[in-house]
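Structure at a glance
Chain by chain, the residues:
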Amino acid sequence: MTPATAEHAPASAARGTPDPLLSVNNIEVIYDEVILVLRGLSLTVPEGSIVALLGSNGAGKSTTLKALSGLLPSEQGEVTSGSVVFGGQDITRMDAPERVRNGMSLCMEGRHVFPHLTVADNLLAGGYTKAGEAKQTLDFVYDFFPKLADMRTRTAGFLSGGEQQMLAIGRALMAGPRLLMLDEPSLGLAPLLVEEIFATIARLNAETGLTVLVIEQNARTALSVAHHGYIMEQGRIMLEDSAAALAENPDVKEFYLGIGGGDSTKSYRDVKHYKRRKRWL
């Protein structure tokens, strides 16, 4: 178990009633002072759990992660209302480095490893906020990812996509996070590699108690490892339930899991509106 997860291992999770580590309360996000992207979004990530946030391109998933990690100002975005609470502390206006120091780590879409640095140097760069614990955490990452240990002197830019994703996750772990946020970890990977990456996410959670929020379009794979899930469209949460219930929901099967042969041009939001209208006719 990493130092951070050992220190903050949730006793409530062991009792079956995990406390919320992250609460997003009715936030709105605007870009360039005019473009409304998130429209009153709320979600909760219980401590010690894996939560999946699902949706198609343009739903607002990546904007949600940027709001949580404090990266919106770099893209002329801002949270204009609502709040983000992490570990009982309101972090809505906290800057990104301070959020990392408080225990939030983001593994960005597209991996973004430092291509000219070695695997070892990439990992050490991820632990800059906890330099005093770098050796211990590096040993943990190498134990968890033996392949990274074998490739520690290799240049990151020459790794395969799956190896780079593994490196990106390892680098995020170097900060000793309480919450690991993953943005489209399956992007650009072959199906077998996707299974390997998500098996690693599940193992991290099971063995260390690490809390994980994963943003994904690959709903089937994300729901296979998550405890709870949210479905997002047009900047709003349209549905939430346990991962098992979402995987069996007929509409989710049709529009997100590719089961049912429905009209793929319709959105899940259209289905809900249709059912609502039908109920009142």
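Cut-offs used in this document
Residues numbered from 1 in each chain as written. Predicted model: local features only at pLDDT ≥ 70, side-chain atom pairs only at ≥ 80, totals over all residues. Heavy atoms only, no water. UniProt positions renumbered as here; feature names shortened; annotations may be inferred. Buried < 20%, exposed > 50% of the residue type's maximum accessible area, 1.4 Å probe, protein only. Helix = DSSP H or I, 4+ residues; strand = E, 2+ residues; numbered from the N terminus. Pairing = 2+ DSSP bridges. Core = buried A, V, L, I, M, F, W, Y, C linked by side-chain atoms within 4.5 Å. Contact = heavy atoms within 4.5 Å. Axes fitted to C-alpha atoms, helices over the stretch in contact; angles between N-to-C directions. Left-handed = near helix turned anticlockwise from the far one by under 90°. Nonpolar A, V, L, I, M, F, W, Y, C, P; charged D, E, K, R; others polar.

The name given to the protein chain in an unreviewed UniProt entry is ABC transporter ATP-binding protein, with the source organism recorded as Brevibacterium salitolerans. The annotation that UniProt attaches to the protein chain under Sequence similarities (unreviewed entry) is "Belongs to the ABC transporter superfamily."

Our next topic: the pairing of strand S9 (residues 228–233). With respect to burial, S9 is a largely interior element, 5 of its 6 residues being buried. As defined by bridge partners, strand S3 (residues 50–54) adjoins S9 across 4 bridges and the pair is classed as parallel. Within S9, the residue paired with Leu 53 across the bridge is Tyr 230. Both S9 and strand S10 (residues 236–242) contribute to a ladder of 6 bridges, which runs antiparallel. Its bridge partner lying in S10, His 228 is registered against Ser 242.

Right, let's get into the nonpolar core. Leu 148, Ile 169 and Leu 173 are the most contacted members of the largest nonpolar core, which has 50 residues in total. Here this core gets 6 residues from one element, more than from any other, and that element is helix H8 (residues 161–173). What Ile 169 contacts, discounting residues up to four positions off in sequence, is Cys 107, Phe 145, Leu 180, Leu 182, Ile 197 and Leu 204. Counting 30 residues, the second largest nonpolar core, distinct from the first, contains Leu 22, Val 24, Leu 53 and Ala 59.

Running from N to C, helix H5 (residues 119–126) and H8 cross one another at 35°; their axes reach a closest spacing of 7 Å. Considering how the two elements wind past one another, H5 and H8 form a crossing that is right-handed. Where H5 abuts H8, its residues Val 119, Asn 122, Leu 123 and Gly 126 lie against Leu 167, Gly 170 and Arg 171. Of the residues in the contact of H5 with H8, the class split is 3 nonpolar, 3 polar and 1 charged.

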